[in-house]
Amino acid sequence: MTASILVVEDNAANIELTQFLLNASGYIPLLALSGAEGVRLATEERPDLILMDIQMPGMDGYEATAAIKRDPALQACPIVAVTAFAMVGDKDRILSHGFSGYISKPIEAETFVAQVEAYLPPDLRGAGAQADVA
C-alpha cells in the first residue's frame, strides 16, 4: 500500500521540491496551495500524513491544523509542521498547537524523506523504490 501525503504549502519552489522527493520515493503527494484548500483536501482525501506550512496568507497552518483536528475522522492523522520558524522556542510552540512533529526549512533533500517517514506507520514506510536524490 502506498501512503498519500498531503502537502499544504504556498511557496512554488518548496512545492516542487517536496513533490519531487515524495514521488521519487513512491509516495502519492496531494497538493494544497493554502490552508483552506488543505482543510478541504484533508476532509475529501483522508491522507495518511499531512505536511503543513505554518506561515500562509489567509488561513495559516495553525488554523488549518485546528480545523482538520476538529474532524473526528482525521484526529489520528499526523500533521507535521514544515516551517522556516527555527528560533529557540519555535518548535515547542508549534508542537503545543497540536502538530505531531516538526521539520525545519530549508528542506534538506538528502534527509527529507526519512524525516517524513518517521511520522508514517511502519507498514507505509518505504512504499516505493528509493531514488538517489542527492
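Every chain is numbered independently, its residues counted from 1 as its sequence is written. The model is predicted, so local features are restricted to residues of pLDDT at least 70 and side-chain atom pairs to those at 80 or more, both for listing and for counting; the totals for chains, interfaces and linings are taken over all residues. Remark: hydrogens and water are excluded; side-chain values derive from all non-hydrogen atoms of the structure.

Undergrad: Is there a simple way to think about empty space enclosed by the protein in this case?
TA: Taking a probe equal in size to a water molecule and rolling it over the atoms shows the remaining empty space. As defined here, a cavity is a set of points on a 1 Å grid over the protein atoms alone where a 1.4 Å probe fits but cannot get out. A pocket is an open set with protein on both sides within 12 Å along at least five of seven lines, and residues line them when an atom is within 4 Å of a point. Grid points are joined across faces, edges and corners, and a volume is the space filled by probe spheres set on the points. What the rule picks out here adds up to one cavity of 30 Å³ or more. Lining the largest cavity, in full, are Val7, Val8, Glu9, Asn14, Thr18, Leu51, Met52, Asp53, Val82, Ile107 and Phe112. Secondary structure elements with two or more residues in the lining of the largest cavity: β1 (4-8), α1 (12-24) and β3 (49-52). The residue classification treats Ala, Val, Leu, Ile, Met, Phe, Trp, Tyr, Cys and Pro as nonpolar and Asp, Glu, Lys and Arg as charged. All others, Gly included, are polar. Considered class by class, the residues forming the lining of the largest cavity number seven nonpolar, two polar and two charged. We count a stretch as a helix when DSSP gives it H or I for four or more residues in a row; a strand needs E for two or more, and each element gets its number in order from the N terminus.

Undergrad: What exactly am I supposed to notice about helix α2 (residues 35-45) here?
TA: Two residues of an α-helix separated by three or four positions point the same way, owing to the 3.6 residues in each turn. A simple rule labels every residue: compare its accessible area, found with a 1.4 Å probe on the protein chains alone, to the largest value its type can have, and call it buried under 20%, exposed over 50%, or partly exposed in between. Three or more residues of α2 are buried, namely Gly35, Gly38, Val39, Leu41 and Ala42. Whether two residues are in contact is decided by their heavy atoms, any of which lying within 4.5 Å being enough. Packed against the buried residues of α2 are β1, β2 (28-32), β3 and α3 (61-69). Residue Arg46 follows α2 closely and has a positive phi angle near 50°.

Undergrad: How should I be thinking about the sheet that holds β2 in this particular structure?
TA: Pairing between sheet strands relies on hydrogen bonds along the backbone, with the strands arranged either parallel or antiparallel. One open sheet accounts for five strands, arranged β2-β1-β3-β4-β5; its pairing is parallel. The open sheet has two edge strands, β2 and β5 (101-104), and neither has a second partner. On average, each strand axis in the sheet is inclined to that of its neighbour by 25°, with strand direction left out of account. Here, axes are lines fitted to C-alpha atoms. For helices the fit covers the stretch in contact, and angles between N-to-C directions go from 0 to 180 degrees. Across the sheet, α2 is in contact with β1, β2 and β3; its angle to β2 comes to roughly 140°. Along the sheet, α3 makes contact with β3 and β4 (79-83), crossing β3 at roughly 160°. Only strands that DSSP links by at least two bridges are regarded as paired with each other.

Undergrad: Help me understand the pattern of salt bridges in this model?
TA: If charged atoms from side chains of opposite charge come close, those side chains can pair. One side-chain nitrogen of Lys or Arg within 4 Å of one carboxyl oxygen of Asp or Glu is enough to make a salt bridge. Scanning all chains against the criterion turns up six salt bridges. Between Arg93 and Asp90 there is a salt bridge; the shortest N-O distance is 2.5 Å. Highlighted residues: Arg93 and Asp90, both in helix α4 (residues 90-95), separated by three residues, approximately one helical turn. Overall, the relative accessible area of 9% leaves Asp90 in the buried class.

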